[in-house]
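Coordinates in review
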Amino acid sequence: MEETQLKEVRTSSAQSLLEAAWTRVRDKLKSEVGEVEYRTWLQQIVLGPLDENEIVLYMPSRFLRDWVREQYGERLQSLWRHETPLVQRVELQVRKTSSSSETSSDGEEGESVPAQEVPQESTPDTTLLHLQESRNDLAAPLDPRFTFDSFVVGKPNEFAYACARRVAEKPSSQGFNPLFLYGGVGLGKTHLMHAIGSELIKTGNVSVAYMSGEKFMYRFIASIRSQSTMEFKKQLRSVDVLMIDDVQFLIGKDNTQEEFFHTFNALVDAGRQIIVSADKSPSDLSGLEDRLRTRLGSGMVADIHATTFELRLSILEAKARASGTHVPEKVMEYLAHKITSNVRELEGALNRLIAHADLVGRPVTLESTQDVLKDMLKAHERRVTIDEIQRKVAEHWNIRLTDMSSARRARAVARPRQVAMYLAKNLTSRSLPEIGRKFGNRDHTTVMHAVARVAELMEQDPSFAESVELLKRMLES
Ligand code: ADP
Ligand code: MG
């Protein structure tokens, strides 16, 4: 064969290797992030050329590129490396299709949507977008179980409850707009917001839109992609009451934050009610723009404190009563004593007990409780802290403790770090964002990926699984 021919053969086989690797990378990514997220952010990526060891991936807009880089950049790179030695780095670039230059005139700066990004009639993406955009009510459905009646009031939440009641009775009143509810995970923020919503809908001719910060962002992006941002804004600004749950999700999402800020101002100026929840007080939400934080804290700020034993017991009593299954007082005291982290877990424990009693047809006793909830209670017996986990893991793999939060990505430190995140998720009741913060302020998606990655590796590699199990046992004992 001649030299040029040989080269061609080599190139084409490298190309097909790359394409095959790309398919695997995409499949893995899809299974990690889920179908919806994948379609929203990642489906649009087009494989570009390989330059030295750097693979170029094209994104149809700057906005999407920045988003994908921020959220998935690290993960994309490690998946690629894992799949083929040909690729060591990933470069994300914007490439607009030729037809986009005819349809859009706003050039580099705007959020123009290239033709290729506007889905064809038959793709699943179209259905998704149409579904969202044609839905006139922006509101996510309210959970009918989350009412004021089913909310148990005690010292830690009485102020937040009173504020919620007040806003449900008289929305947009002076001093209560916006209403900002904050507190730790599983303490009843979402419950109270849904209760306000249901109450308002029940009592008056009020349009209510409830959505999570995440959903807000998702809708906003989808509207950009389907060129219906104006419509989205109009819909948002037409509601009487707008509730955004877990607004901390908007941290670092600058465009979405900006949009939320404008919506917020437009609504408040028009005398509409805003209700927002977060895991921290407005002043502690670092990463949100100052002007937004100021506005969020400018109405009523109500804090839900950690539960007390008395509140936990009252909640258990109320829920047991509602279930219709008899649960002895002794058992409830035991649970309220043992499970202190949040109401969601407490509820979960009680539900498990009740389901078990139903299934085996025997009453709930202290003995059956201890047996049924063995693993759950064990995790609460000794409170493992993230610091402890980081120390043990660093020791085990002989790395510096500071590397748990450093930016170093070398496998020798990145892998132990991932294991520590995995253990933190499994052994503590910390949320993904909380864990991320403990590891050098990493994003919650990084933690999610670490957890998935370690689980996967444990399946593939028995000796690795053994190390992780060993660490787990040491930490638990
Ligand atoms: P958050 O939004 O603060 O994370 P949720 O509102 O989702 O917490 O509450 C978690 C679970 O605990 C829900 O099922 C909710 O009904 C329940 N819950 C929380 N606080 C109370 C309470 N005071 N009374 C009754 N149920 C509660
Ligand atoms: Mg919530």
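The residue count restarts for each chain, going from 1 along the sequence in the order it is written. Labels are handed out in written order, letters beginning with A for the chains and numbers beginning with 1 for the ligands. Reporting of local features is limited, given that this is a predicted model, to residues whose pLDDT is at least 70; pairs of side-chain atoms are given and counted only at 80 or more, and all residues count toward the totals for whole chains, interfaces and linings. Side-chain descriptors were evaluated using all non-hydrogen atoms of the structure, hydrogens and water having been removed beforehand.

Glancing now at the site of ligand 1. Residues in contact with ligand 1 amount to 18 residues; listed here are only the nearest, Val152, Gly186, Thr190, His191 and Glu347. As used in this structure description, the phrase polar contact means that two N or O atoms lie within 3.5 Å; if the pair is within protein, one of them must be able to donate a hydrogen and the other to accept it, and residues adjacent in sequence are counted only when both atoms belong to side chains. Contacts to ligand 1 include Leu187, whose backbone N or O atom sits 3.2 Å from an oxygen atom. In the model, an oxygen atom of ligand 1 is placed 3.1 Å from a nitrogen or oxygen of the Gly188 main chain. In the complex, 93% of the free accessible area of ligand 1, which totals 550 Å², lies under the protein chains. Elements with a contribution of two residues or more to the shell around ligand 1: α7 (189–203), α12 (309–323) and α14 (343–360). A class-by-class count of the residues in the shell around ligand 1 yields 7 nonpolar, 7 polar and 4 charged. Near, as used in this document, describes a residue that has one of its heavy atoms within 4 Å of the molecule or strand being considered. Only the protein chains shown count as covering a residue, and every accessible area follows the Shrake-Rupley method with a 1.4 Å probe. The numbering of helices and of strands both runs from the N terminus, where a helix is a DSSP run of H or I of at least 4 residues and a strand a run of E of at least 2. Each residue gets one label: Ala, Val, Leu, Ile, Met, Phe, Trp, Tyr, Cys and Pro are nonpolar, Asp, Glu, Lys and Arg are charged, and the others, such as Gly, are polar.

Only Phe, Tyr and Trp rings take part, Trp by its six-membered ring, and two of them pair if their centres are within 6.5 Å. Stacked means planes under 30 degrees apart, edge-to-face means over 60, and tilted covers everything else. By the definition in use, this model includes 8 aromatic pairs. Judged by centre distance (5.7 Å) and plane angle (10°), the rings of Trp22 and Trp80 are stacked. Highlighted residues: Trp22 in helix α1 (residues 3–33) and Trp80 in helix α3 (residues 62–83), separated in sequence by 58 residues. For the residue pair Trp22 and Trp80, the accessibility class agrees, reading buried in each case. When the centroid spacing of 6.1 Å and the interplanar angle of 40° are considered together, the rings of Phe220 and Phe232 count as tilted. In this pair, Phe220 is assigned in helix α8 (residues 213–225) and Phe232 in helix α9 (residues 229–236), connecting sequence segments 12 residues apart. Comparing Phe220 with Phe232 shows no difference in burial state: the two are buried. An aromatic cluster is present here, built from Phe216, Phe220, Phe232, Phe260 and Phe264 joined pairwise through their rings. Relative accessibility under 20% of the residue-type maximum defines a buried residue, over 50% an exposed one, and the middle range a partly exposed one, all with a 1.4 Å probe and only protein chains included.

For strand β7 (residues 273–278), the buried fraction is high: 6 of the 6 residues fall into the buried class. Taking every second residue as pointing to the same face, both faces of β7 are buried, with Gln273, Ile275 and Ser277 on one and Ile274, Val276 and Ala278 on the other. Paired strands, as defined in this entry, are two strands with at least two bridges between them according to DSSP. When strand β6 (residues 241–245) meets β7, the two strands line up parallel, connected through 4 bridges. Bridge pairing in β7 places Val241 opposite Gln273. Crossover β6 to β7 through helix α10 (residues 254–269) is right-handed. Assignment of crossover handedness uses the view with strands pointing away from the viewer, where a clockwise path from the first strand over the helix to the second indicates a right-handed crossover.

Axis definition: a line fitted to C-alpha atoms, over the contacting stretch in the case of helices. Angles run 0 to 180 degrees between N-to-C directions. The N-to-C vectors of α3 and helix α20 (residues 444–460) enclose an angle of 25°; their axes lie 9 Å apart at closest approach. One finds that α3 runs roughly parallel with respect to α20. Facing Gln71, Tyr72, Glu74, Arg75 and His82 of α3, the residues of α20 in contact are Thr445, Thr446, His449 and Arg453. For the contact of α3 with α20, the per-class residue count stands at 1 nonpolar, 5 polar and 3 charged. Any angle that falls under 35 degrees is termed roughly parallel, while one over 145 is termed roughly antiparallel, one within 65 to 115 roughly perpendicular, and all others oblique. Contacts are assigned to residue pairs that have any heavy atoms within 4.5 Å of one another.

For the rest of this paragraph, the subject is α9. Residues of α9 that are buried include every one of Thr229, Phe232, Gln235 and Leu236, and no others. The buried residues of α9 all sit within an arc of 125° when viewed along its axis, so they share a single face. Set apart from the buried face of α9 by more than 90 degrees, the exposed residues are Met230 and Lys234. Of all possible arcs, the one meant is that of the directions from the helix axis to the C-beta atoms.

The next subject is the pairing of strand β3 (residues 89–94). Examined bridge by bridge, strand β2 (residues 54–59) and β3 share 6 bridges and lie parallel to one another. When the sheet's bridge partners are listed, Val56 is paired in β3 with Glu91.

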